[in-house]
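# Geometric and topological summary
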Amino acid sequence: MAEGRSDRRLLNPFAGELAAEFAGTAILILFGVGVVAQVTAGGIGDHDSIAWAWGLGVTLGVYTAARLSGAHLNPAVTVALAVFKGFSWRKVLPYALAQTAGAFVAALLVRWNYAEVLAKVDPGHTIKTQGVFSTLPGNGTLPVTQWGALRDQIIGTAILLFLIFAISDERNSAPLANLAPVIVGLLVVAIGMAWGTDAGYAINPARDFGPRLASFFTGYGSAFRDQYGGLYFWVPIIGPLAGGVVGAGLYQLLVARFLPRTDAPEPGRTPEPAAQAG
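The rules behind these values
Residues numbered from 1 in each chain as written. Predicted model: local features only at pLDDT ≥ 70, side-chain atom pairs only at ≥ 80, totals over all residues. Heavy atoms only, no water. pLDDT = per-residue confidence, 0-100. Contact = heavy atoms within 4.5 Å. Phe/Tyr/Trp six-rings, centres within 6.5 Å; stacked < 30°, edge-to-face > 60°. Helix = DSSP H or I, 4+ residues; strand = E, 2+ residues; numbered from the N terminus. Buried < 20%, exposed > 50% of the residue type's maximum accessible area, 1.4 Å probe, protein only. Lys NZ or Arg CZ within 6 Å of the ring centre and 35° of its normal.

Here we take up the confidence of the model for the protein. Overall, the predicted model of the protein reaches an average pLDDT of 92, with 90% of residues at or above 70. Here residues 266-278 is a poorly scored stretch, pLDDT under 50, and it has two contacts once near neighbours within four places are set aside; other chains count.

In this structure the tally under the stated criterion is 12 aromatic pairs. Pairing F84 with F165 gives two aromatic rings, centres 6.5 Å apart and planes at 90 degrees, and the pair type is edge-to-face. You can see F84 sitting in helix 4 (residues 75-84) and its partner F165 sitting in helix 8 (residues 146-168), a full 81 residues away along the chain. Judged by relative accessible area, which is 2%, F165 ranks as buried. A centroid spacing of 5.5 Å and a plane angle of 90 degrees characterise the contact between F162 and Y251, whose relative ring orientation is edge-to-face. With a gap of 89 residues between them, F162 in helix 8 and Y251 in helix 11 (residues 235-254) connect regions that are remote in the sequence. Judged by its relative accessible area of 23%, F162 falls in the partly exposed class. An aromatic cluster is built from F104, F209, F216, F217, F224 and F233, whose rings are joined through pairwise contacts. Residue placement shows R90 over the ring face of F14; its charged tip is 5.8 Å from the ring centre.

Structure, rendered in structure tokens:
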């Protein structure tokens, strides 16, 4: 027993955090990119199944990593927590790299598994199936410019971080019994159903860049460009990072600063213990 405790103390806690971010983001991508590959190349499912699988991927990824790292799974979340919640700035870049690496490796696995059907549907590995791995303005078909997509990513990620801060704020009405990952997953489903048109709701730099890089290394020569031929990879990076800070800041401004500073409920808001006992 003593030897076992000693072995555990030899493990690097920060390495565990990074491993958890890697694993949790990989789980997210296995379900998210996997379902897009199935719909696009296999013809099975539709936009609703994409939205649900991404949301479930988030839920399962958060459950995977939450105990060790807090399950950011998204550089936009990590940056917002550093700006507003005191998360260590020295951990921001390592977390982002671990998240991106997890997304990259998981996307390689999806690419390998769906190689045959992707080749049949799109032998040249063109813009037609590039959206399986990374996002495009107007999902590669609709008349949306890069600036329109940037606007969309700022707004979509602002919504995401505003509500993540609300869901995780213990001074607010936080979900009980470890249900927060389920609620966050449903939030992603809702964003996918309401904000998926203009830019494919990346709302996560690691989720977009990791798979984009994986597709580039496996035959998608246009992976960093959009359907107009312009360099696009920066939009799902800059937009979410900016939008996350905006959304988290709005939550702090509009809600958090008005919440009570103690655990005591506001009089009249909930029954007091004495009243309940009587």
